Amino acid sequence: MADQKDGKGVFDASPIPLYVQLADIIRYRIDRGVWPEGGMLPPIETLMKEFSVSRITVRQALQLLARSGLIKVQRGVGTLVLKSTGERHPVKVETTLDALVEAYRGDTPVVTNISDSSAPPSLTESDGVPAEAYHHLRRVHAREGVKYCVISIYLEQGVFEMAERRFREEIILPVLMSLDLTVAQAKQSITISKADLEVSRLLDMPLGDPIANVRRVLVDPDNTIIYVAEAVYRGDYIHLEMDLKA
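Since the structure is predicted, the reported quantities are computational estimates derived from the model, not experimental observations. (Residues numbered from 1 in each chain as written. Predicted model: local features only at pLDDT ≥ 70, side-chain atom pairs only at ≥ 80, totals over all residues. Heavy atoms only, no water.)

**Student:** Explain the overall build of the protein chain residue by residue, including any values.
**Tutor:** Along its length, the protein chain carries eight helices and 10 strands. Taken over 246 residues, the protein chain has a buried fraction of 43%. Counting contacts in the protein chain only where the partners sit at least 6 residues apart, residues at least 24 apart contribute 60% of the total. (Helix = DSSP H or I, 4+ residues; strand = E, 2+ residues; numbered from the N terminus. Buried < 20%, exposed > 50% of the residue type's maximum accessible area, 1.4 Å probe, protein only. Contact = heavy atoms within 4.5 Å.)

Below is the structure:
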């Protein structure tokens, strides 16, 4: 049973379990090379002392990372670092529409559709003017055998009908930009959170692992919303790079 002082002075007061927070710290250190591939993690007792947590909390964190394939717990030997999350091929989340389209243009992930229906997106006044009807596509993207993204896309019905087959079979954004359409404004926002039960099931990842929530909205010259995307990416498969200009 965990000590009542488990995590005192180290972790924030949060509804996220301590072992999930600890797993994040260990993952971050592995990714930064503090504990490199092929090396060993410090003994459980050392981790207990550094983070002021109980043995069971450390064991739960290690089990979570082991299920991710990041480490291997070897009884009587120690914990081996198998790989760094930084070695994966990340999905670049570009900060301009043209760059984003180009990044996706050469991408050929396996697309598994899990929803194909008429459904409206959840919108705010700042997004623009809602269209009369939308077509909703929800799908999972996989690359090199790894499911890395769950995405819901809402296309204005008339736009969807311009290339139904392609929208269902290809990466949607490059298809959209190949049509005779004018995008007057494009917005993107990113927030970081934890995988819930549905996301962990769809992406075959541990519950509570980091994810990036990406939302994109495109409007036409009349300020009508023609495209809304709500995507969830594995945290270890996303890379954001911005050009900061004076």
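**Student:** Tell me about the nonpolar core, and please be specific about residues and values.
**Tutor:** One finds L155, F167, L173, L176, Y227 and Y233 to be the most contacted residues of the largest nonpolar core, which totals 29 residues. Only α4 (97-105), β6 (146-156), α5 (157-162), α7 (172-178), β8 (210-219) and β9 (225-234) provide two or more residues apiece to this core. Apart from residues no more than four positions distant in its own chain, F167 is found in contact with L137, R139, L155, V159, F160, I172, V175, L176 and L179. By size, the runner-up hydrophobic cluster in this structure holds 19 residues, among which are L22, I30, I44 and L65. (Core = buried A, V, L, I, M, F, W, Y, C linked by side-chain atoms within 4.5 Å.)

**Student:** Run through the packing of aromatic side chains, naming residues and quoting values.
**Tutor:** Following the criterion strictly, the structure yields two aromatic pairs and no others. Plain terms: the ring middles of Y148 and Y233 are 6.4 Å apart, the flat faces sit at 20° to each other, and that makes the pair stacked. Residue Y148 is located in strand β6, and its partner Y233 is located in strand β9; the two are separated by 85 residues in the primary sequence. Across the pair, exposure class does not vary: Y148 and Y233 are buried alike. Between the aromatic rings of F160 and F167, the centroid separation amounts to 6.2 Å while the plane-to-plane angle is 20°, which identifies the pairing as stacked. Among the residues examined, F160 registers a relative accessible area of 2% and is labelled buried. (Phe/Tyr/Trp six-rings, centres within 6.5 Å; stacked < 30°, edge-to-face > 60°.)

**Student:** I'd love a proper account of helix α2 (residues 44-51), names of residues and values included.
**Tutor:** Where α2 is concerned, the buried positions are I44, L47 and F51. Buried residues of α2, seen end-on, are gathered within an arc of 60° and therefore sit on one face of the element. Directly after α2, the chain includes S52, whose backbone phi takes a positive value near 55°. (Arc of directions from axis to C-beta.)

**Student:** Kindly report on the environment of S54, identifying the contributing residues and their values.
**Tutor:** Residue placement: S54 occurs in the loop between α2 and α3 (55-67). Its relative accessible area of 9% is what places S54 among the buried residues. C-alpha separation for the pair S54 and Y19, spaced 35 residues apart in sequence, amounts to 9.7 Å. A distance of 3.1 Å separates the side chain of S54 from the side chain of T57, its partner in a polar contact. (Polar contact = N/O pair within 3.5 Å; in protein donor to acceptor, adjacent residues only side chain to side chain.)

**Student:** Let's hear about the packing of helix α1 (residues 18-31) against α3: which residues, and what values?
**Tutor:** Relative to each other, α1 and α3 sit at 60°, their axes nearing to 8 Å. Taken together, the axes of α1 and α3 are oblique relative to one another. Crossing of α1 against α3: the hand is right-handed. Across the interface between the two elements, L18, Y19, V20, L22, A23, I26 and R27 from α1 touch T57, V58, Q60, A61, L62, L64 and L65 from α3. Counted by class, the contact of α1 with α3 contains 11 nonpolar, two polar and one charged residues. (Axes fitted to C-alpha atoms, helices over the stretch in contact; angles between N-to-C directions. Parallel < 35°, antiparallel > 145°, perpendicular 65-115°, else oblique. Left-handed = near helix turned anticlockwise from the far one by under 90°. Nonpolar A, V, L, I, M, F, W, Y, C, P; charged D, E, K, R; others polar.)

**Student:** Break down the pattern of salt bridges for me, with residues and values.
**Tutor:** Applying the stated rule across the entire model yields 13 salt bridges. The salt bridge involving R27 is made with D24; its shortest N-O contact spans 2.7 Å. In this pair, R27 and D24 both sit in helix α1, three residues apart, roughly one turn of the helix. Of the two residues examined, R27 and D24, each falls in the buried class. One salt bridge in this structure joins R168 and E164, with 3.4 Å as the shortest N-O distance. Of this pair, R168 and E164 are both found in helix α6 (residues 164-169), four residues apart, which corresponds to roughly one turn of the helix. In this structure, a network of salt bridges that share partners links the residues D24, R27, K194 and D209. (Salt bridge = Lys/Arg side-chain N within 4 Å of Asp/Glu carboxyl O.)

**Student:** Now, about empty space enclosed by the protein: what can you tell me, with residues and values included?
**Tutor:** Enumeration according to the criterion identifies one cavity of 30 Å³ or more in this entry. One number sums up the size of the largest cavity: a volume of about 80 Å³. Forming the walls of the largest cavity are Y104, R139, H141, I151, I153, I171, I172, L173, R216, Y227 and Y233. Sorting the residues of the lining of the largest cavity by element identifies β5 (134-143), β6, α7 and β9 as the ones contributing at least two each. Taken together, the residues that form the lining of the largest cavity break down as eight nonpolar, one polar and two charged. (1 Å grid on protein atoms, 1.4 Å probe; cavity = no way out; pocket = protein on both sides within 12 Å on 5 of 7 lines; lining within 4 Å. Points joined across faces, edges and corners; volume = space filled by probe spheres on them.)

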